[in-house]
Amino acid sequence: MKVNKAEKLRGQVHELAESMGNLFVETFHYLALFAIGAVTAWAAVMEFLQMVEKGNISIDDILLLFIYLELGAMVGIYFKTNHMPVRFLIYVAITALTRLLISNVSHHNPPDMGVVYLTGAILLLAVAILVVRYASSQFPSVKIENPHRKTGAGSGEHPEVEKGEL
């Protein structure tokens, strides 16, 4: 009889600890997402104001704004789905390398082997996106029963998430 009570109490303590742990982790998760989103928006606005103050905008500036846009989209998708598609990180890397390539070629250096390395890196990242997209369509990950995310009215589908990216 006492063993059953002890086992029941152990189960209750375990449930309480798990609930409190989940609360703390999710609270930190959302606070971090809001902080990252706010810092990204703030950096984009400050960069835009510097562009306006400078009086002219270069292709480097536009690509930098695209990087901020992609970072904001990553935060939004992660907030909505609790999933970070690796593709978005690769898109940011491609945009950053493209910005570096354009900056180096048009402003600083004559073309050299650095251009070949940068274009090779961009090509490698583009191939990585193809591999990730192919793998996610051919080998979808296991769907989570209760993913704790916002859903559309009565819809089981999530248009912002591709097949196999749950």
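Residues numbered from 1 in each chain as written. Predicted model: local features only at pLDDT ≥ 70, side-chain atom pairs only at ≥ 80, totals over all residues. Heavy atoms only, no water.

**Remarks on the overall build of the protein chain**
For the record, the criterion: Going along the chain from the N terminus, every DSSP run of H or I of four or more residues is numbered as a helix, and every run of E of two or more is numbered as a strand. Under the scheme applied here, a residue whose accessible area is under 20% of the maximum for its type counts as buried, over 50% as exposed, and between as partly exposed, the area being computed with a 1.4 Å probe on protein chains only. Whether two residues are in contact is decided by their heavy atoms, any of which lying within 4.5 Å being enough.
Scanning the protein chain from terminus to terminus reveals 4 helices and 0 strands. Element order for the protein chain, N to C, with α for helix and β for strand: α-α-α-α. The 166 residues of the protein chain split such that 21% are buried. Contacts in the protein chain between residues at least 24 apart in sequence constitute 66% of all its contacts with a sequence separation of at least 6.

**As for helix α4 (residues 113-138)**
Just so we agree on the cut-off: In a helix, the anticipated span is given by 1.5 Å times the number of residues less one. Each polar contact in these results corresponds to two N or O atoms within 3.5 Å; when the atoms are within protein, one needs to be able to donate a hydrogen and the other to accept it, and residues that are neighboring in sequence are counted only if both atoms are side-chain atoms.
Taking 1.5 Å of rise per residue, 26 residues should cover 38 Å, and α4 covers 37 Å from first to last C-alpha, within 8% of that figure. Along α4, the positions that sit buried rather than exposed are L118, I122, I129 and S136. Sitting at the head of α4, D112 places a side-chain oxygen 3.0 Å from the backbone nitrogen of G114.

**Describing the UniProt feature "transmembrane region" (unreviewed entry) in the protein chain**
Operational definition: UniProt positions are given in the numbering used here, feature names are shortened, and annotations may be inferred rather than shown by experiment.
The residues that UniProt annotates with the feature "transmembrane region" (unreviewed entry) are residues 28-49, 61-79, 85-102 and 114-135. Helix makes up 94% of residues 85-102 and strand 0%, whereas the separation of the span's terminal C-alpha atoms amounts to 27 Å. For residues 114-135, helix accounts for 100% and strand for 0%, while the C-alpha atoms at its two ends are 31 Å apart.

**Some remarks on the pattern of salt bridges**
The test is simple: Salt bridges are identified by distance alone: a Lys or Arg side-chain nitrogen within 4 Å of an Asp or Glu carboxyl oxygen.
Taken as a whole and judged by the stated rule, the model has 2 salt bridges. The partner of R10 in a salt bridge is E7, and the shortest N-O contact between them spans 2.9 Å. In this pair, R10 and E7 both sit in helix α1 (residues 2-54), 3 residues apart, roughly one turn of the helix. A salt bridge links D61 to K54; the shortest N-O distance between them is 3.0 Å.

**Here we look at the nonpolar core**
Counted only if it meets this: Residue types Ala, Val, Leu, Ile, Met, Phe, Trp, Tyr and Cys, when buried and joined through side-chain atoms within 4.5 Å, form a set referred to as a nonpolar core.
In terms of nonpolar packing, the biggest core is built from 7 residues, these being I90, I94, L97, L101, L118, I122 and I129. Of all the secondary-structure elements, those providing two or more residues to this core are α3 (86-108) and α4. It is α3 that provides the largest number of residues to this core, a total of 4 residues. Excluding anything up to four places from it in sequence, L97 contacts L118, A121, I122 and L125. Grouped together as the second largest cluster of nonpolar side chains are 5 residues, I67, M74, I77 and F88 included.

**Some points on the packing of α1 against helix α2 (residues 59-81)**
For clarity, the cut-off: To define axes, lines are fitted to C-alpha atoms, for helices over the stretch in contact only, and angles between the resulting N-to-C directions are given on a 0 to 180 degree scale. In this scheme, roughly parallel covers angles under 35 degrees and roughly antiparallel covers those over 145, while 65 to 115 is roughly perpendicular and the rest are oblique. When the near helix sits turned anticlockwise from the far one by under a right angle, the crossing is termed left-handed; a clockwise turn instead gives a right-handed crossing.
At a minimum axis distance of 10 Å, the contact between α1 and α2 shows a crossing angle of 160°. It follows that α1 is roughly antiparallel to α2 by the angle criterion. In this structure, the crossing between α1 and α2 has a hand that is left-handed.

**Examining the packing of aromatic side chains**
Defined as follows: Side-chain rings of Phe, Tyr and Trp (the six-membered ring for Trp) are treated as a pair once their centres are within 6.5 Å; stacked means planes under 30 degrees apart, edge-to-face means over 60, and tilted covers the remaining angles.
For the structure shown, the criterion picks out 3 aromatic pairs. When the centroid spacing of 5.6 Å and the interplanar angle of 55° are considered together, the rings of F34 and F79 count as tilted. Pair noted here: F34 is in helix α1 and F79 is in helix α2, with a separation of 45 residues, a long-range link. According to the relative accessible area criterion, F79 is partly exposed, its value standing at 28%. Centroid distance F88 to Y91: 5.7 Å. Interplanar angle 75°. Geometry classified as edge-to-face. In this pair, F88 and Y91 are both assigned in helix α3, 3 residues apart and thus about one turn of the helix distant. When its relative accessible area of 16% is taken as the criterion, F88 is described as buried. A relative accessible area of 25% places Y91 in the partly exposed class. Chaining the aromatic ring pairs together yields one cluster made of Y30, F34 and F79.

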